[in-house]
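Analysis of the macromolecular model
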There are 2 protein chains.
Amino acid sequence: MERHFASRMATTPKSFVREILKVTEKPEVISFAGGLPNPQTFPLAALADAAQRVMAEEGTSALQYRTTEGHAPLRAYIAERYQQRYGLSVTPEQILITCGSQQAQDLTGKVFLNTGDRVVLERPSYLGAIQAFSFYEPSFIDVSMGKDGIDCTELSEVLSEHPAKLLYVVPNFQNPTGISYTQATRQAVAELMRAHDTVLVEDDPYGELRFEGESLPPIAALAPERTILLGSFSKIIAPGLRLGWLCAPCAFVEQFTIAKQASDLHSNALGQYLIARYLYHHDVNVHIRSIRDLYRAQRDCMLALLARYCPPEVSYTPPQGGMFLWVTLPEGLRALDLFHLAMEENVAFVPGDPFYLNGRHARTLRLNFTNADPAAMEEGIIRLTRAMRRLMERTPIATVPSY
Amino acid sequence: MERHFASRMATTPKSFVREILKVTEKPEVISFAGGLPNPQTFPLAALADAAQRVMAEEGTSALQYRTTEGHAPLRAYIAERYQQRYGLSVTPEQILITCGSQQAQDLTGKVFLNTGDRVVLERPSYLGAIQAFSFYEPSFIDVSMGKDGIDCTELSEVLSEHPAKLLYVVPNFQNPTGISYTQATRQAVAELMRAHDTVLVEDDPYGELRFEGESLPPIAALAPERTILLGSFSKIIAPGLRLGWLCAPCAFVEQFTIAKQASDLHSNALGQYLIARYLYHHDVNVHIRSIRDLYRAQRDCMLALLARYCPPEVSYTPPQGGMFLWVTLPEGLRALDLFHLAMEENVAFVPGDPFYLNGRHARTLRLNFTNADPAAMEEGIIRLTRAMRRLMERTPIATVPSY
């Protein structure tokens, strides 16, 4: 029956990560592969209490069909928080509640992309977004990332060469590299978007997870008329509720609403009521501070372990927030080869390959630091660096670039 | 910025229902328009209890990222129930949990439809499915419904004329007509699917809501290798949890899983845990029996009121289950004209138009009977039939068919 599948199923990147992560599920494996929040950050007691109250006081509403746009108090809270944090003038009508940011990416493809439309990505880029957009069969092009964010000279050239429908970026603690955009880069991106009449998709799942340094306003503040800003409760409350949002001009939200109605009618109402109740009855800033403190300590722990155990030829980013370190192997080595050796050592990570368009032979890899206790983290880094040494002994380091 | 939207946004049927239903939201309006389950059927206390236990005993799992396929105990329960009810040999691997049946329709479009592929629908058909498939820009064709289900002679002609990728049907208490397929029709559909190598999408949200007569096995039992059978918890537990499923051959489920991962990673985990716990600790058959008893009484009430108040020129179906009556006005009258008069009387329904491809000037309309108490129902039918009389007085009844 395979001949019946749509052609887009053949062009979609095979779920490389699904495949490789299957082997990491054995209990003896220490995994730095996932992007899971640490479950000890889930406000379990508060959500249990909220569940009881919602069921007792508004259970009938939380269990009935609701509007596609989402629970009004939740939309109001999100709009108000943008106002408080960054002085953005966002109205509740600009907020659409989605089934995680992942759905917002899918809906963006649905609303904006014709087959062959150009989509510009960061190099490397978040693989979930590459997958979501791929289903709409665009033509992708990527632009280098530097330490200040996307390379705006290269971006300007790419946009001048050929008009692009969308630019997708993660300006805070990017997945996978951990890089954050400076204010100058944000400003330059906003200007390029306007000059080339491109729509910006600004994905911000980690913006609240800054361990140090100053929070910068979203690029949406600089180009509000053309930016779709994505947010998520997955990293600050809990991912299992599958709730996020998009914030966009009203004319966009209208189209997103039509698309979402056809996709799933609306996001689960009980989860929306739980989160709204949690947010209105607790100080979420205190909660977020405790997540930041935990993750900062975990990042510091992993950086200290790498400083102690890692071969000096291997480099890695020290991110100011988020959930990931980005490791670069010496030229001539391949992260996928390291992955196989690491699996022999019972430690897992995500090789860089799926974060690149048609990525092959990447020498980069992503390590998650939020979801392991210190003892397991040390053992995991010992195993991983042992695998690195084995790879380096096996493969003479080339002097030609491998990627 | 409208020029940036994808062309599919222009070809998608404007959300007619969203527009007309806006005017029905005034508190003084008695509405037969929605398709809402009666909230008194929600097992509120049992779900509140389940919520407490899930949070206490497996809260961390229910709040974390989970697999795309869905919660294993829930998939096992659904497979087992098909076995028990109809003797179908379905394995848990054939079940994918979705964000309501609506998402299953969307994923079906995503996995199967290339632009221009032919999709065969019932005439009239469920408008939510028309919308979901429209986003993949197929070419639609519809086939008449008779009292035994889809017209298989016409279906055979349509399939012989031009190969179709999909046939979408609702064989139990169809939305909107309330019609159910006989066993002979089911058999003929299965044979035609096989003869013309077409994939069947069998949507069954109402199958458990049979008030009388014998339950027939799904068409999936007759053509399991090519059928995507959709089910939903919306009508037997609660729609606000947004949980349904699809049951399909494993090779299909694999593609659906890739598509769903890109759409929203997975359905909300807390809702899945709640429903699984509810199903494993309660006799859902007793619960479903109570819903059937309530809806049977409500259907009987509406039929009695129509028998009493309705002009004899107007006909309507007496369905054996489900949630809707389907009313046909005399030739020459238009349901949309009736709608405007009815709104003056503060009573609402859904005119037939959006259930037809490019539907215009339909003389049919859908009445929901599950979500009004008897007193409101009587007042609503009095108002509606008054509007019918006003329309009939205003419009001389034509002798030529209008649709």
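Since the model is a prediction, treat every value here as computed from it, not as a measurement.

Parameters at a glance
Residues numbered from 1 in each chain as written. Chains lettered and ligands numbered in written order. Predicted model: local features only at pLDDT ≥ 70, side-chain atom pairs only at ≥ 80, totals over all residues. Helix = DSSP H or I, 4+ residues; strand = E, 2+ residues; numbered from the N terminus. Buried ≥ 20, exposed ≤ 12 C-beta atoms within 10 Å, placed from the backbone. Pairing = 2+ DSSP bridges. Contact = placed C-beta atoms within 7 Å. Axes fitted to C-alpha atoms, helices over the stretch in contact; angles between N-to-C directions. Nonpolar A, V, L, I, M, F, W, Y, C, P; charged D, E, K, R; others polar. Least-squares fit on C-alpha atoms with pLDDT ≥ 70 in both. Domains from an automatic or database assignment. pLDDT = per-residue confidence, 0-100. Left-handed = near helix turned anticlockwise from the far one by under 90°. Right-handed = clockwise from strand over helix to strand, strands pointing away. Expected span 1.5 Å × (residues − 1).

**Quick word on the environment of A76(A)**
Tracing the backbone through its elements, the reader meets A76(A) in helix α4 (residues 72-86). Take A76(A): there are 15 C-beta atoms within 10 Å of it, and that puts it in the partly exposed class.

**With respect to the sheet that holds strand β4 (residues 139-146) of chain B**
Residues and elements named next belong to chain B. Strand order in the open sheet formed by eight strands is β2-β9-β8-β7-β6-β3-β4-β5, and the pairing between neighbours is mixed. What marks the edges here is a single partner per strand, and that holds for β2 (95-98) and β5 (149-150). Alignment of strand β3 (residues 118-123) against strand β6 (residues 166-169), held across three bridges, turns out to be parallel. Bridge assignment links V120 to a residue of β6, and that residue is L167. Sitting on the sheet, helix α9 (residues 250-264) is in contact with β2, β8 (227-232) and β9 (244-247), with an inclination near 25° to β2.

**Thoughts on the sheet that holds strand β5 (residues 149-150) of chain A**
All names here are of chain A. Taken in spatial order, the eight strands line up as β2-β9-β8-β7-β6-β3-β4-β5 in an open sheet, and their pairing is mixed. Of all the strands in the sheet, just β2 (95-98) and β5 have a single pairing partner and so form its edges. With six bridges joining them, strand β3 (residues 118-123) and strand β4 (residues 139-146) adopt parallel strand pairing. Across the sheet, residue V120 finds its bridge partner in β4, namely I141. Along the sheet face, α4 touches β2, β8 (227-232) and β9 (244-247) and points at about 120° away from the line of β2. Docked against the sheet, helix α9 (residues 250-264) engages β2, β8 and β9, running at close to 25° with respect to β2.

**Points about the interface of chain A and chain B**
Reports often express the size of an interface as the amount of accessible area lost when the parts come together. Across the boundary between the two partners, chain A contributes 64 residues, which contact 62 residues of chain B. Of all the secondary-structure elements, those providing two or more residues to the side of chain A that touches chain B are α3 (44-63), α5 (100-112), α6 (127-134), α9 and α10 (269-281) of chain A. Per-element accounting of the side of chain A that touches chain B gives the leading share, 11 residues, to α3(A). Considered class by class, the residues forming the side of chain A that touches chain B number 34 nonpolar, 21 polar and nine charged.

**Thoughts on the relation of the copies chain A and chain B**
These two copies of the chain differ by a rotation about an axis and a displacement along the same axis. For these two chains of identical sequence, chain A goes onto chain B by a turn of 180° and a shift of 0.0 Å along the axis, with RMSD 0.0 Å. Taken together, the rotation and translation relating the two chain copies correspond to the operation of a two-fold axis. Most of the interface of chain A is mirrored in chain B: 97% of its interface residues are interface residues there too.

**Comments concerning the domain arrangement of chain A**
Residue and element names in this part refer to chain A. As assigned here, chain A comprises domain 1 (2-42 + 286-391) and domain 2 (44-281). For domain 1 versus domain 2, the separation of C-alpha centres amounts to 24 Å. Each partner contributes residues to the interface: domain 1 has 29 residues there, and domain 2 has 32 residues. Elements supplying a minimum of two residues to the side of domain 1 that touches domain 2: α1 (8-11), α11 (284-309) and β11 (324-328). Per-element accounting of the side of domain 1 that touches domain 2 gives the leading share, six residues, to α11.

**Focus on the confidence of the model for chain A**
Per-residue confidence for chain A gives a mean pLDDT of 94, with 95% of residues at or over 70. Confidence estimates for the predicted assembly give a pTM of 0.96 and an ipTM of 0.95.

**Some remarks on the packing of α11(A) against helix α13 (residues 374-394) of chain A**
All names here are of chain A. Where α11 meets α13, the closest approach of the two axes is 10 Å, and the angle between their N-to-C directions is 35°. Note on packing geometry: the crossing formed by α11 with α13 is right-handed. Of the residues in α13, those in contact with C301, M302, L305, L306 and Y309 of α11 are P374, M377, E378, I381, I382 and T385. Among the residues making up the contact of α11 with α13, the classes are represented as nine nonpolar, one polar and one charged.

**Some points on the pairing of β4(B)**
In this fold, the crossover linking β3(B) to β4(B) by way of helix α6 (residues 127-134) of chain B has right-handed handedness. Taken together, β4(B) and the strand that follows it, β5(B), pair antiparallel across an intervening segment of two residues.

**Comments concerning α5(A)**
Note on helix geometry: an α-helix contains 3.6 residues per turn, so any two residues three or four positions apart are oriented the same way. Taking 1.5 Å of rise per residue, the 13 residues of α5(A) would be expected to cover 18 Å, and the 19 Å separating its terminal C-alpha atoms lies within 8% of that figure. Most of α5(A) sits out of view: 13 of its 13 residues are buried.

**Notes on unusual backbone geometry**
Cis geometry is adopted by the peptide bond preceding P176(A), which originates at N175(A) and carries an omega value of 20°. Along the polypeptide, P176(A) turns up in the loop between β6 (166-169) and α8 (183-195). Note the cis peptide between R123(B) and P124(B), where omega equals 0°. Assignment of secondary structure puts P124(B) in the loop between β3 and α6. One non-glycine residue, L265(A), lies in the positive phi region at around 65°. Topologically, L265(A) is positioned in the loop between α9 and α10. On the neighbour-count criterion, L265(A) (21 C-beta atoms within 10 Å) is buried.

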